[in-house]
Amino acid sequence: QVQLVESGGGLVQPGGSLTLSCAASGFTFSNYAMNWYRQVPGKERELVASISSTGGRIDYVDSVKDRFTISSDNGKNTVYLRMNNLKPEDTAVYYCNAKGWGKNYWGKGTLVTVSS
């Protein structure tokens with residue numbers, strides 16, 4: 001049974017930091033590209049950061065470059081998103097995604113709220 005379980009969301013003040021984690025199980029983690037998306041009510045889900053299965057390619061949406069860092073630990077089957085200098089516009093539900101071999105898996109999301 002495939003599972004992606006996000007954690008680490010919460011309320012943080014502008015300028016603060018959070019680290020999201022996504023624990024994966026039920027598939028061969030090292031064979032999949034891992035992605036973080038976010039979604040605000042009424043808007044489309046947005047791809048925020050990606051890391052290839054080998055870790056050799058990492059991409060970010062322009063709005064988070066130099067603030068967010070994606071990383072993965074194949075030994076722990078976990079992908080992380082370190083978010084620094086958070087802004088109110090980063091408020092969203094953040095979703096973990098695994099893509100590869102014709103499959104596309106999603107977690108249930110974790111809410112990040114940036115507010116003073």
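Before reading further, recall that the structure is shown in the block above.
Let us look at the structure shown here. (Residues numbered from 1 in each chain as written. Predicted model: local features only at pLDDT ≥ 70, side-chain atom pairs only at ≥ 80, totals over all residues. Heavy atoms only, no water.)

### Points about the environment of Gly10
By secondary structure assignment, the location of Gly10 is in strand β2 (residues 10-12). For Gly10, a relative accessible area of 25% puts it in the partly exposed group. Considering only alpha carbons, one finds Gly10 and Val112, 102 residues apart in sequence, at a separation of 5.0 Å. In contact with Gly10, other than residues within four places in its own chain, are Leu18, Leu111, Val112 and Thr113. (Helix = DSSP H or I, 4+ residues; strand = E, 2+ residues; numbered from the N terminus. Buried < 20%, exposed > 50% of the residue type's maximum accessible area, 1.4 Å probe, protein only. Contact = heavy atoms within 4.5 Å.)

### A closer look at the nonpolar core
Counting residues in each nonpolar core, the largest one holds 28 residues, and the members touching the most others are Leu4, Met34, Trp36, Val79, Leu81, Met83 and Tyr94. Within the residue set of this core, elements represented by two or more residues are β3 (18-25), β4 (33-39), β5 (46-51), β7 (68-73), β8 (78-83), β9 (92-100) and β11 (110-114). Residues in contact with Leu81, not counting those within four places in the same chain, are Leu18, Thr19, Leu20, Trp36, Ala49, Phe68, Thr69, Ile70 and Tyr94. (Core = buried A, V, L, I, M, F, W, Y, C linked by side-chain atoms within 4.5 Å.)

### Digging into the pairing of β9
Along β9, 7 of the 9 residues are buried, which leaves the element largely enclosed by surrounding structure. Here β4 pairs with β9 via 7 bridges, running antiparallel. Looking across to β9, one finds that Asn35 is bridged to Asn97. Across 3 bridges, the pairing between β9 and β11 is antiparallel. Among the inter-strand pairings, Ala92 is bridged to a residue of β11, identified as Val112. Examined bridge by bridge, β9 and strand β10 (residues 103-106) share 4 bridges and lie antiparallel to one another. Paired with Lys99 across the strands is Asn104, a residue of β10. Taking the residues between adjacent antiparallel strands as the criterion, β9 and β10 are bridged by 2 residues, where Trp101 takes a positive phi near 55 degrees. (Pairing = 2+ DSSP bridges.)

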